[in-house]
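Coordinate inspection notes
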Amino acid sequence: DVQLQASGGGLVQAGGSLRLSCVASGFTFDDYTMGWFRQAPGKEREGVSAISNTDGTTGYADSVKGRFTISSDNAKNTMYLQMNSLKSEDTGVYYCAAVDDDDVNNALRPSEYDYWGQGTQVTVSS
């Protein structure tokens, strides 16, 4: 079965950094697109960043461009999100997700994804 385990969240001051990790199992990692999504209280889940494990193509929400970097290590079946210059607006539960590369049209749209991790809380204080 497919499993996605997100970790690395925590409490950080504005301007600080966190690195999230998502360890995947149960599927062929390099055939999938993976993404990070976040959900703040009272708001819809939104796409933060995504990466194709097939060709390395990445995408970012406008709100995080220049501050966040997504990456994948295919040998470790692990996806990362390096978050720098964090703002209070970045607060939320961050989820990792996966979908077969062949099925992706918009990699920042939550409905594209078939598999989801449990999420990790990121809280940015200001």
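A brief look at the structure comes next. Since the model is a prediction, treat every value here as computed from it, not as a measurement. (Residues numbered from 1 in each chain as written. Predicted model: local features only at pLDDT ≥ 70, side-chain atom pairs only at ≥ 80, totals over all residues. Heavy atoms only, no water.)

**A few points about the sheet that holds strand 8 (residues 78–83)**
What the four strands build is an open sheet, ordered 1-3-8-7; its pairing is antiparallel. Strand pairing shows two members of the sheet lacking a second neighbour, strand 1 (3–7) and strand 7 (68–73), which therefore form its edges. Averaged over neighbouring strand pairs, the angle between their axes works out to 15° when direction is ignored. The sheet contact formed by strand 1 and strand 3 (residues 18–25) spans five bridges and is antiparallel. Counted as the bridge partner of A6 is C22 from strand 3. (Pairing = 2+ DSSP bridges. Helix = DSSP H or I, 4+ residues; strand = E, 2+ residues; numbered from the N terminus. Axes fitted to C-alpha atoms, helices over the stretch in contact; angles between N-to-C directions.)

**Quick notes on the packing of aromatic side chains**
What characterises a pair of aromatic rings is the spacing of the ring centres plus the angle enclosed by the ring planes. Per the counting criterion, the structure on display carries seven aromatic pairs. A centroid spacing of 6.3 Å and a plane angle of 25° characterise the contact between F27 and F29, whose relative ring orientation is stacked. Taking relative accessible area as the criterion, F27 reaches 12% and is therefore assigned buried. Judged by its relative accessible area of 3%, F29 is buried. (Phe/Tyr/Trp six-rings, centres within 6.5 Å; stacked < 30°, edge-to-face > 60°. Buried < 20%, exposed > 50% of the residue type's maximum accessible area, 1.4 Å probe, protein only.)

**Examining the pattern of salt bridges**
A complete count under the given rule lists five salt bridges for this structure. With its nearest N and O atoms 2.8 Å apart, the salt bridge here joins D90 to R38. Taken together, the residues D90 in the loop between strand 8 and strand 9 (92–100) and R38 in strand 4 (residues 32–39) connect sequence positions 52 residues apart. Judged on exposure class, the residue D90 and its partner R38 are both buried. For E112, the salt bridge identified is with R109, shortest N-O distance 3.9 Å. Residue class for R109 comes out partly exposed when judged on its relative accessible area of 40%. (Salt bridge = Lys/Arg side-chain N within 4 Å of Asp/Glu carboxyl O.)

**Topic: the pairing of strand 5 (residues 46–52)**
Burial analysis of strand 5 places six of its seven residues in the buried class, the great majority of the element. As paired elements, strand 4 and strand 5 share six bridges and run antiparallel to each other. Looking at strand 5, one finds that T33 is bridged to S52. The loop that links strand 4 with its antiparallel partner strand 5 comprises six residues; one of these, G42, has a positive phi angle of about 80°. Inspection of the sheet shows strand 5 paired to strand 6 (residues 58–60) by three bridges, in the antiparallel sense. Along strand 6, the bridge assignment pairs A50 with G59.

**Digging into a negative patch on the surface**
Taken together, the side chains of D30, D31, D102, D103 and D114 make up a negatively charged region of the molecular surface. In this fold, D30 is placed in the loop between strand 3 and strand 4. (Patch = residues over 30% accessible without salt bridge, like charges linked within 9 Å, V, L, I, M, F, W, Y side chains within 5 Å. Areas by Shrake-Rupley, 256 points an atom, 1.4 Å probe, with all protein chains shown as cover. Lys, Arg positive; Asp, Glu negative; His and termini not counted. Charge placed at Lys NZ, Arg CZ, Asp CG, Glu CD.)

**Let's talk about the nonpolar core**
Note on soluble globular proteins: their nonpolar side chains tend to be buried together. Membership of the largest hydrophobic core comes to 27 residues, with the highest contact counts inside it found for M34, W36, L81, M83 and Y94. Those elements giving two or more residues to this core turn out to be strand 1, strand 3, strand 4, strand 5, strand 7, strand 8, strand 9 and strand 11 (120–125). If you tally residues by element for this core, the top one is strand 3, at four residues. If we skip the residues at most four places from it in the chain, M83 touches G16, S17, L18, L20, R67, F68, Y94 and V122. (Core = buried A, V, L, I, M, F, W, Y, C linked by side-chain atoms within 4.5 Å. Contact = heavy atoms within 4.5 Å.)

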